[in-house]
Amino acid sequence: MSDEQLRTTLGGLKGFAFDDVPWTTPKPLYESRVAIVTTAGLRVESNADWNAGDQGFTQIPHDAENLTLAHYSPNFDRVGWVLDKNVVFPIDRLHELAEDGIIGSVAKTHISFMGAQPDHTLETIRLDSGPAAAKMLADDEVDLVLLTPV
Amino acid sequence: MGTLASVLEHAGFATVALSSIRGQIETTAPPRALHCDFPLGRPLGKPNEPEFQQKVITAAFSLLKEPTGPVLVDYPISIEDDADAPLSCVIPPADTSDRNPAASEALGLLPAWRRTQETYGRSTIGKVVTAEQVPDMLDLFARIGGGESWEDVGFPGDPTKIAADIKNFYEEAAISLADTPPSARRAESWFVNETLGGKTIQTARIKMKEADVNFYFWYYLLPMTQHHEINTK
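Presented here is a report on the structure given in the accompanying data block. The model shown is predicted, which means the values in this text are computed figures rather than measured ones.

### Considering the interface of chain B and chain A
Taken together, the 75 residues of chain B in the interface contact 65 residues of chain A. Mapped onto the side of chain B that touches chain A, the elements with two or more residues apiece are α1 (2-10), β1 (14-19), α2 (22-28), α3 (50-62), α4 (101-120), α6 (159-177) and α7 (186-194) of chain B. With nine residues, the single largest contributor to the side of chain B that touches chain A is α1 of chain B. Of the residues contributing to the side of chain B that touches chain A, the split by class is 38 nonpolar, 22 polar and 15 charged. Note: strand β7 (residues 144-148) of chain A against β1 of chain B, four bridges, orientation parallel. For Leu146 of chain A, the partnering residue across the bridge sits in β1 of chain B and is Val16 of chain B.

Below is the structure:
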């Protein structure tokens, strides 16, 4: 029941919300190019380190094999990730949806940030790294983003 | 994550966020979110169950039909962690009678850890040390338990990251020792409560806390829900 305790504690932390909720009218799903943006702190290398406070991001090729989960927090389960990367980064599920014609296509490159940031205003993500990641997704002609936490 | 979703939506993408902590998603109010009461660290719910994962994604994408936002919907299935049910694993003995018992225990786990690597091809070790260095790192934590200052034992990096490498090593070894793939937090509870390695870090954490070491360095040595305050004196 650790998660229940954590949800109670972490659910009350400060967060940043925009005054107006942004809204993009989606394309039909069967025409949409889909990318995953996760906050799991994934890296495509054996370096499993990601410093608390680092609001940067990594690029994850859709066919990357050697992924590492580098998130700094010890407060969540990592065994599920070791057993099956899709439980965090559901790339195989997206490829299945594309093969079935339910989504249009799968992005070539996906993105990882790291959550549980000490700076709840996320100023760097809002003003710098977030827009930089958005530019890369736009260059890949992505329409729809599925965000996954840990 | 809700804030990040809004940044991307603002940039022109339609977004759907899976939520793991409802309070945070309420606060950050992204355009569309599906809250899933699944174990933290398993946002798609069940490893190696593609049909279950696909249903979660389908439910998330169904939010794209909503005409206005913010949209926050609860997924109807909940999954609890199993922190209260530690794994029961037999640790293979290592022939290292000259080592401290925790280091010897970790040496005995190395073959199991390597089997997990061969089977699944993923590790979360490598923040500071390799799996092969874990026994040596337990020597250092044991010295803190014995009364030395953490700054004097010669850690090759941030002790919280080394403690994470040790914890992750044990959990990954446990995958190959358990009869079935461990549900969420079973291996964590086994490590903290049943192994010498976990007890060594717990003792060092308490010693550092008692010595008024900077909060960060003792607090993040173990998951916050596994801080068991015992008398070390």
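### Structural notes on unusual backbone geometry
Look at the link from Gly69 of chain B to Pro70 of chain B: it is a cis peptide, with omega at 5 degrees. Position of Pro70 of chain B among the secondary structure elements: in the loop between α3 and β3 (71-74). In this structure, Ala116 of chain A takes a positive phi of about 55 degrees despite not being glycine. Considering the arrangement of structural elements, one finds Ala116 of chain A in the loop between β6 (109-112) and α4 (123-139). A positive phi angle, near 60 degrees, is found at Glu141 of chain A, a position not held by glycine. Within the secondary structure, Glu141 of chain A sits in the loop between α4 and β7. Using a count of 12 C-beta atoms within 10 Å as the deciding quantity, one classes Glu141 of chain A as exposed.

Each value, and the rule that gives it
- Residues numbered from 1 in each chain as written.
- Chains lettered and ligands numbered in written order.
- Predicted model: local features only at pLDDT ≥ 70, side-chain atom pairs only at ≥ 80, totals over all residues.
- Contact = placed C-beta atoms within 7 Å.
- Helix = DSSP H or I, 4+ residues; strand = E, 2+ residues; numbered from the N terminus.
- Nonpolar A, V, L, I, M, F, W, Y, C, P; charged D, E, K, R; others polar.
- Pairing = 2+ DSSP bridges.
- Buried ≥ 20, exposed ≤ 12 C-beta atoms within 10 Å, placed from the backbone.

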